[in-house]
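Coordinate inspection notes
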Amino acid sequence: MTNLVFDPDELESARVLAVLVPGALSRIEIFHPAHVWRDRGYGLAFYRFPGLDGRPEFPRLSISGAAKEIAELAAQYPDKPVRLLGYSTGGPIVLTAAAQMQGDVKVAAMSLAVEAGGGVRTGVAGLADVLGAAWRRGSLRRREVWLEYYRVLLFGRTVLTDAELAAKADRLIAGHLDRIVMPEGELPRAHTDDLRQWRLPQSFTLPPERIRFFVGLDDPVFSQDQTLEFARRLGGCAVTGYPGQGHLLFLSYKRAFADILAFFEGHEIDNPDSVALS
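Here goes a summary of the coordinates provided.

Cut-offs and rules
Residues numbered from 1 in each chain as written. Predicted model: local features only at pLDDT ≥ 70, side-chain atom pairs only at ≥ 80, totals over all residues. Heavy atoms only, no water. Helix = DSSP H or I, 4+ residues; strand = E, 2+ residues; numbered from the N terminus. Rg over C-alpha atoms; globule rule 2.2 N^0.38 Å. Buried < 20%, exposed > 50% of the residue type's maximum accessible area, 1.4 Å probe, protein only. Contact = heavy atoms within 4.5 Å. Areas by Shrake-Rupley, 256 points an atom, 1.4 Å probe, with all protein chains shown as cover. Lys, Arg positive; Asp, Glu negative; His and termini not counted. Charge placed at Lys NZ, Arg CZ, Asp CG, Glu CD. Phe/Tyr/Trp six-rings, centres within 6.5 Å; stacked < 30°, edge-to-face > 60°. Lys NZ or Arg CZ within 6 Å of the ring centre and 35° of its normal. Pairing = 2+ DSSP bridges. Axes fitted to C-alpha atoms, helices over the stretch in contact; angles between N-to-C directions. Left-handed = near helix turned anticlockwise from the far one by under 90°. Nonpolar A, V, L, I, M, F, W, Y, C, P; charged D, E, K, R; others polar. Parallel < 35°, antiparallel > 145°, perpendicular 65-115°, else oblique.

Assigned secondary structure in the chain consists of ten helices and eight strands. Taken over C-alpha atoms, the radius of gyration comes to 18 Å for the chain, in line with the 19 Å a tight globule of 278 residues would show. Taken along the three principal axes of its C-alpha coordinates, the chain extends 55 × 40 × 35 Å. Counting the 278 residues in the chain, one finds 57% classified as buried. Restricting the contact set of the chain to residue pairs at least 6 apart, pairs at least 24 apart contribute 75%. For the chain, the exposed surface amounts to about 12500 Å²; the carbon and sulfur share of it is 52%. Across the chain, the mean location of the 31 positive side-chain charges is 3 Å away from that of the 34 negative side-chain charges.

So, in structure tokens, the structure goes:
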């Protein structure tokens, strides 16, 4: 059973094959802004995470297994350019998939997860943010704590001191409430356990100019320093940053999808809201 969702007829007739991979605790619907890419001749395929979008919760996510499925799909269309977009944990998946591909391949990673999921540094910062959310809510109820933490995920820790930004976060959460995935049961571990072991494949040879990161400069999960360090590991790939944005770019700054398409199409990113970090 495949964990990819696509229309075979659409992929067959498409000019470009695009595979979009969400991250932990996110459904494929986060890529709704990318549906307009079809008007540019893109055929879209989506990878489903365990327990979401009709996929069973077990087995847990295997980054190498997901990458293998994506590479096998791309191999069915050897004459088409392949564009890979991964969000958060989806970043390691598409990078691992790209290591197994030949031909015209580009990789975009939005709010990407770095090697080993950021290790202790990310773990400690995340724990502090979650404990802070519990303290502010005066509750240990998972739903209440998660929704409070979601505000920080949207715009970074500035949301805690900026009343206007906090109100914007509250509006986004209220409008998205029925689609927020809660970290319940074994779902978080099913999505993240393998990330803690992940390293860039030694076989990775994609040139840095064919890779670009798109990140919020106030991302509380993976810092700017972590992102830039990982970009250097990839030979100095470009990083597009968005001031005032956090980890959930798919919700807080949907214009990022237009910038990603521009990169895929080989155009300059003309967006005054963005800054080039490298």
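On to the packing of aromatic side chains, then. Within the structure shown, the criterion is met by twelve aromatic pairs. Put simply, the rings of Trp37, Tyr42, Phe214, Phe263 and Phe264 pair up and form one aromatic cluster. A cation over an aromatic ring shows up here: Lys106 above the ring of Phe263, its NZ or CZ 5.1 Å from the ring centre.

This brings us to the pairing of strand E6 (residues 211-216). Counted residue by residue, E6 has six buried out of six residues, so it is predominantly covered. Neither face of E6 is exposed, since Ile211, Phe213 and Val215 on one face and Arg212, Phe214 and Gly216 on the opposite face are all buried. Where strand E5 (residues 105-110) lies against E6, four bridges are found, and the strand directions are parallel. Its bridge partner being in E6, Ala109 is matched across the sheet by Phe213. Pairing of E6 with strand E7 (residues 238-242) involves five bridges; the strand directions are parallel. Considered in E7, the bridge of Val215 is made with Gly241.

Once that is clear, we can look at the packing of helix H4 (residues 119-137) against helix H5 (residues 142-155). Viewed as axis vectors pointing N to C, H4 and H5 meet at an angle of 115°, and their least axial separation amounts to 8 Å. Note on packing geometry: the crossing formed by H4 with H5 is right-handed. For the pair H4 and H5, the contacting residues are Asp129, Val130, Ala133, Ala134, Arg136 and Arg137 in the first and Glu144, Val145, Leu147, Glu148, Tyr149 and Val152 in the second. Grouping the constituent residues of the contact of H4 with H5 by class yields seven nonpolar, no polar and five charged.

Read across the sheet, eight strands follow the order E1-E3-E2-E4-E5-E6-E7-E8 without closing on themselves; strand pairing throughout is mixed. Of all the strands in the sheet, the pair left with one neighbour each is strand E1 (4-6) and strand E8 (275-276). Where E7 and E8 come together, two bridges link them in antiparallel fashion. Note that in E8 the partner of Gly241 across the bridge is Val275. Each of strand E2 (16-21), strand E4 (82-87), E5 and E6 is contacted by helix H3 (residues 90-98), which is oriented at about 155° to E4, the strand it contacts most. Docked against the sheet, helix H8 (residues 224-233) engages E6 and E7, running at close to 180° with respect to E6.

This next bit is on unusual backbone geometry. Cis geometry marks the peptide bond from Phe58 to Pro59, where omega comes out at 5°. Within the secondary structure, Pro59 sits in the loop between strand E3 (42-47) and helix H2 (63-75). Not every positive phi belongs to a glycine, and Ser88 is a case in point at roughly 55°. As for its placement among the helices and strands, Ser88 is situated in the loop between E4 and H3. Taking the relative accessible area as the measure of exposure, Ser88 reaches 8% and is therefore buried. The backbone phi angle of Ser111 is positive, close to 50°, even though this residue is not glycine.

Right, let's talk about the packing of H2 against H3 for a bit. Describing two packed helices takes the angle between their axes plus the distance from one axis to the other. Where H2 meets H3, the axes come as close as 8 Å, and the angle between the chain directions of the two elements is 55°. Regarding the angle of H2 to H3, the classification is oblique. In this structure, H2 crosses over H3, and the sense of that crossing is right-handed. Here Ile63, Ser64, Ala66, Ala67, Ile70 and Ala71 of H2 come into contact with H3, specifically with Pro92, Ile93, Thr96 and Ala97. Within the contact of H2 with H3, the residues separate by chemical class into eight nonpolar, two polar and no charged.

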